[in-house]
Amino acid sequence: MTETALEARHLFKVFGRNPNQAVRRLKAGESRTDTLDAGTAAVIDASFTVNRGEIFVIMGLSGSGKSTIIRMLNGLHDITDGSVVINGDEIAGVPASRLRQIRRENVSMVFQHFALLPHRTVADNVAYPLELKGVPKADRLAKANEVIAMVGLDGWGDKLPSQLSGGMQQRVGIARALAADTEILLMDEAFSALDPLIRREMQEQLVELQEKLQKTIVFITHDLNEAMFLGDRIAVMRDGRIVQIGTPEDILTDPANDYVEQFVQDVDRARVLTAANVMERPRPVVADTAGPRTALRQMRDAYMSAAYVTGRDRKLLGMVTDRDAVKLVRKGETSLKSILKPVPQSVPEDEVLMNLFVPAVESQLPLAVVDAEGRLTGVIPRVTLLAALGPGPNSTEEITLPLPPVSHAEIAAVLGEAADAVAPAATTGDAARVVERAEGETKRAERARDEAEPQTEGEVR
Amino acid sequence: MDGFRIPIGEWVAAAVAWVKDNLEGVLDFISFIVKFLVNGLTDVLLSTPIVVLIIIAALIAWAVRSIWMAVGTAVSFALILSMGLWVAAMQTLSLVVVAALIAVVIAIPLGIWSARNATVRTIMKPILDFMQTMPAFVYLIPAIVFFSIGVVPGLVATVIFALPPGVRMTELGIRGVDSETVEAGHAFGATPGQILRGIQLPLAMPTIMAGVNQVIMLSLSMAVIAGMAGADGLGKLVVQAISTVNIGKGVEAGLGVVLLAVFLDRVTAALGTPNEHTSSLLGMMARRRGAQQAGKADAAAEAERAVASPHRAPIGGGAA
């Protein structure tokens, strides 16, 4: 067994009337636009090797030829010129039956839009590659159930794909590829169609699975963060050519040319990272069916003076403040409807950080992030926004909440004593003001206690 | 230009005469098969007690659509019976069923072929256009030359006329299957045959069934015209009514055709979209099976969200 699982040498793919002529001219040094009359060059002179057990990410914007390359690796697209060697077997120009055999035994694939068979159950979908291999029914279903459990879909085997959420459907897609039990896994934008939070979870799960299974994975993505998170090595593509291959650190610290530099490093983080990259789980959040008591409890637990209210499907309906909720509890009302206020600021998921600062300042709560359907998908506290701008790998992760402030009453009490102690040293006016403020705080604390008491009684009742 | 004329009509007539003279064995064989099928089916329909037949038709309607459709079917068939059109209606029904069956058997493979092969598609398209736009009566002339008067020329003309939508919809359905799903089949090493049977045909089925529905409806409209060639049935009655300017007879026969058409259309349309008819017998059975599954699916979607973002899931749960 060699170290290299897959090798691509000088791959060319040209769509159009005269592909061979186009390749000849491209090799002679003509540019992609010069050869347009002979055909559209999707992949130009791409060479790379993928080592056994690594995740090799091919990253590029749409139209850069990454999806074409991955389809050449298992022969879904003919290879115009060059060669692909999988485990020592040449792919280019082999007969269809041999190609099918290689696909059944060596290379499986996960698709962007899952590509499950809608008329088959999850278990039958997962067993599909084994069915094509001619494995007897009982054996392949046993294997399918084993893999289904591995991706965390235990007990879902007899459902249809349409009964599953997007994230779960893609787990079925991954399970299907794993069931084929091939050495090499091709993943074509596998997580691009998923919600950001689900996507992050799937990425983590893939890394976990990879630690266990040690497959050789070729992963296509247009998402810089995904490439950096998953890739052992990354190939950056532009206009059909591979412009740099290296580890994530190489690419970040030593970009091969202006394009890569612009892509990964020189770019202002505030202009690259989006709200979805840095957002945290939304909280405090109450359902519109919940009462003011629940709302108050959520706010108290989150140390917030207001909370977001969501309807069915997590749609963001508005917000409620603790003061209004307290009044409601006093009145004995159970519906939040009457005190629902519109949310002053919410931002879409794909908004870059640059445009979040002003809304974040103006927002009373951590900034609400909503998706295209108006569902609350996350929140961005101001500290998170600040931390995201800093360098370092942890900047997009969740940040521990700061310690809750000591209660006003306690501070007032301490300050009251301290004020007496320092009064002689300070000027009289200063000391008087301190005392004044301390008294004010005490009063406010007392008021707060009064307000809180009926609620406590209510809970006991 | 005077005197200049391309004698296309003569050429076709000569070709028809040549076929008639040289391929008599083939024509006789077709004639025998068609007569056997149509007459056989007519005999079966007519020898079955009328009540049993009406009940069977109503049950079919209930199975694929709803109890109301079953009631409507029974009423329609009773109406046909009360107009004294039962025998003619059954003759037309067997002509339509056999013609549609033959058309579908020819159309679906042709549709599959042209979906998979660009050359075939290019050749097939003008032929299908020709078949659909040529006035339907014209088919009757060579058909009568080949098979003489009776049910056979009517059926042959019907099949030719009803074929195109079957081919077109099959091709459309197969080419409309999500390309990524077909690609998945290739990527896991399925042969073209396995992809056709396991992926393309099942996913194209609703479109193909819409095509079959069209084939049946066209067959029915043509079956009336077939009455002119001497095929027994409602068509013949309509033709007789026209020649004797008998309004009452014409309307009754026409109504019989409409009632048959509505029944056949609703049944075949429902077959193509089984999920839309939840109050049908089959639908109710499917729902009972799926009842527990649906509940679980919702719970799972919620559970997944909970895994992805634990703070979001237990909203409102704190009040309990």
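Quick caveat, the model's predicted, so the values are computed rather than measured.

### Comments concerning the overall build of chain B
Right, on to step 1. Each helix and strand in chain B was counted, giving 13 helices and zero strands.
Right, on to step 2. Ordered by position from the N terminus, the helices and strands of chain B form the series α-α-α-α-α-α-α-α-α-α-α-α-α.
Right, on to step 3. Looking at the 320 residues of chain B, the share that counts as buried comes to 38%.
Right, on to step 4. For chain B, the share of sequence-separated contacts (at least 6 apart) that also reach a separation of at least 24 residues comes to 73%.

### Here's the deal with the overall build of chain A
Right, on to step 1. Broken down by element type, chain A carries 18 helices and 16 strands.
Right, on to step 2. A buried classification covers 41% of the 461 residues belonging to chain A.
Right, on to step 3. Expressed as a percentage of contacts within chain A between residues at least 6 apart in sequence, the contacts between residues at least 24 apart total 63%.

### Concerning the pairing of strand 9 (residues 233–238) of chain A
Residue and element names in this part refer to chain A.
Right, on to step 1. Bridge count between strand 3 (residues 55–59) and strand 9: four bridges; the pairing is parallel. Within strand 9, the position partnered with Val57 by the bridge is Ile234.
Right, on to step 2. Connecting the antiparallel pair strand 9 and strand 10 (residues 241–246) is a turn made up of two residues, with Asp239 showing a positive phi of about 50 degrees.

### Overview of the pairing of strand 4 (residues 81–86) of chain A
Residue and element names in this part refer to chain A.
Right, on to step 1. Sheet topology note: the strand 1 (residues 4–15)/strand 4 ladder contains five bridges and is antiparallel. When the bridges of strand 4 are listed, Glu7 appears paired with Val85.
Right, on to step 2. Relative to strand 5 (residues 89–90), strand 4 runs antiparallel, the two being bridged by two bridges. Looking at the pairing, Val85 lines up with Glu90 of strand 5.
Right, on to step 3. The turn joining strand 4 and strand 5, which pair antiparallel and follow one another in sequence, is formed by two residues; a positive phi near 50 degrees is taken by Asn87.

### Notes on the sheet that holds strand 8 (residues 216–221) of chain A
Strand pairing in a sheet relies on backbone hydrogen bonds. The paired strands run either parallel or antiparallel.
Residues and elements named next belong to chain A.
Right, on to step 1. The six strands are arranged 6-7-8-3-9-10 in an open sheet whose pairing can be described as mixed. The open sheet is flanked by strand 6 (107–110) and strand 10, the only strands paired with a single partner. Taking the axes of each pair of neighbouring strands and ignoring which way they run, one obtains an average angle of 20 degrees across the sheet.
Right, on to step 2. Looking at chain direction, strand 6 and strand 7 (residues 184–188) are connected through four bridges and run parallel. Note that in strand 7 the partner of Val107 across the bridge is Ile184.

### Topic: the nonpolar core
Right, on to step 1. The biggest cluster of nonpolar side chains holds 90 residues, and the ones touching the most others in it are A:Val126, A:Ile148, A:Ala175 and A:Val218.
Right, on to step 2. Apart from the residues within four sequence positions on either side, A:Val218 is in contact with A:Val50, A:Phe56, A:Ile58, A:Ile70, A:Leu73, A:Leu186 and A:Met187.
Right, on to step 3. By size, the runner-up hydrophobic cluster in this structure holds 65 residues, among which are B:Leu95, B:Val167, B:Met222 and B:Ala226.

### Focus: helix 5 (residues 86–116) of chain B
Right, on to step 1. Along its 31 residues, helix 5 of chain B runs 44 Å from first to last C-alpha, staying within 8% of the 45 Å computed at 1.5 Å per residue.
Right, on to step 2. Counted residue by residue, helix 5 of chain B has 23 buried out of 31 residues, so it is predominantly covered.

### Considering the confidence of the model for chain B
Residues and elements named next belong to chain B.
Right, on to step 1. Residues of chain B with pLDDT of at least 70 account for 90%, and the chain-wide mean is 85.
Right, on to step 2. When pLDDT is averaged over each helix and strand of chain B, the minimum, 62, is found for helix 13 (residues 281–308) and the maximum, 93, for helix 5.
Right, on to step 3. Under a pLDDT of 50 for its full length, residues 308–320 has, in the predicted model, 33 contacts with residues more than four places off or in other chains.
Right, on to step 4. Scored as a whole, the predicted complex attains pTM 0.67, and scored at its interfaces, ipTM 0.70.

### Digging into the sheet that holds strand 5 of chain A
Right, on to step 1. A sheet is described by the order of its strands in space; here four strands give the open sequence 2-1-4-5 (chain A), paired in antiparallel fashion. What marks the edges here is a single partner per strand, and that holds for strand 2 (40–51) and strand 5 of chain A.

### Details of the environment of B:Ala226
All names here are of chain B.
Right, on to step 1. Inspection of the secondary structure puts Ala226 in the loop between helix 10 (192–225) and helix 11 (234–243).
Right, on to step 2. Looking at Ala226, the number of C-beta atoms within 10 Å reads 33, which means it is buried.
Right, on to step 3. The spatial distance from the C-alpha of Ala226 to the C-alpha of Leu140 is 7.6 Å, given a sequence separation of 86 residues.
Right, on to step 4. Setting aside residues up to four positions removed in sequence, Ala226 forms contacts with Leu95, Gly154, Leu155, Ala157, Thr158, Ala231 and Gly235.

### Topic: unusual backbone geometry
Phi is mostly negative for residues that are not glycine, and the peptide bonds are mostly trans.
Residues and elements named next belong to chain A.
Right, on to step 1. Not every positive phi belongs to a glycine, and Ala115 is a case in point at roughly 50 degrees.
Right, on to step 2. With respect to the secondary-structure elements, Ala115 resides in the loop between strand 6 and helix 4 (122–133).
Right, on to step 3. For Ala115, a count of 24 C-beta atoms within 10 Å gives the class buried.

### A closer look at the environment of B:Ile127
Right, on to step 1. Mapped onto the fold, B:Ile127 is located in helix 6 (residues 118–133).
Right, on to step 2. Note on B:Ile127: 13 C-beta atoms within 10 Å, which makes it partly exposed.

### Focus: helix 11 of chain B
Residues and elements named next belong to chain B.
Right, on to step 1. Restricting attention to buried positions, one finds in helix 11 the residues Leu234, Gly235, Lys236, Leu237, Val238 and Val239.
Right, on to step 2. Against helix 5, helix 10 and helix 12 (247–272) lie the buried residues of helix 11.
Right, on to step 3. Just downstream of helix 11 lies Val245, where phi reads positive at about 45 degrees.

### Notes on the confidence of the model for chain A
Residues and elements named next belong to chain A.
Right, on to step 1. A residue-level look at chain A finds 84% of positions with pLDDT of 70 or above and a mean pLDDT of 81.
Right, on to step 2. Scored below 50 in pLDDT, residues 392–397 shows seven contacts in the model against residues more than four places distant or in partner chains.
Right, on to step 3. Of the regions scoring below 50 in pLDDT, residues 422–429 engages in two contacts with residues more than four places distant in sequence or in other chains.

### Focus on the packing of helix 13 (residues 292–302) of chain A against helix 14 (residues 322–331) of chain A
What describes two packed helices is the angle between their axes and the distance between those same axes.
Residues and elements named next belong to chain A.
Right, on to step 1. Interhelical geometry of helix 13 versus helix 14 gives an angle of 145 degrees and a closest axis separation of 9 Å. In the crossing of helix 13 with helix 14, the sense of the turn from one axis to the other is left-handed. Where helix 13 approaches helix 14, its residues Pro292, Arg293, Ala295, Leu296 and Met299 are matched on the opposing element by Asp322, Ala325, Val326, Leu328 and Val329.
Right, on to step 2. Classifying every residue of the contact of helix 13 with helix 14 gives eight nonpolar, no polar and two charged.

### Notes on the packing of helix 11 of chain B against helix 12 of chain B
Residue and element names in this part refer to chain B.
Right, on to step 1. Here helix 11 crosses helix 12 at 155 degrees, and the two axes come no closer than 8 Å. In terms of axis orientation, helix 11 runs roughly antiparallel to helix 12. Considering the relative orientation of helix 11 and helix 12, their crossing is left-handed. Of the residues in helix 12, those touching helix 11 at Leu234, Leu237, Val238, Ala241 and Ile242 are Lys249, Gly250, Ala253, Gly254, Gly256 and Val257.
Right, on to step 2. For the contact of helix 11 with helix 12, the class distribution of residues is seven nonpolar, three polar and one charged.

Reading the values: rules and limits
- Residues numbered from 1 in each chain as written.
- Chains lettered and ligands numbered in written order.
- Predicted model: local features only at pLDDT ≥ 70, side-chain atom pairs only at ≥ 80, totals over all residues.
- Helix = DSSP H or I, 4+ residues; strand = E, 2+ residues; numbered from the N terminus.
- Buried ≥ 20, exposed ≤ 12 C-beta atoms within 10 Å, placed from the backbone.
- Contact = placed C-beta atoms within 7 Å.
- Pairing = 2+ DSSP bridges.
- Axes fitted to C-alpha atoms, helices over the stretch in contact; angles between N-to-C directions.
- Core = buried A, V, L, I, M, F, W, Y, C linked by C-beta atoms within 7 Å.
- Expected span 1.5 Å × (residues − 1).
- pLDDT = per-residue confidence, 0-100.
- Left-handed = near helix turned anticlockwise from the far one by under 90°.
- Nonpolar A, V, L, I, M, F, W, Y, C, P; charged D, E, K, R; others polar.
- Parallel < 35°, antiparallel > 145°, perpendicular 65-115°, else oblique.

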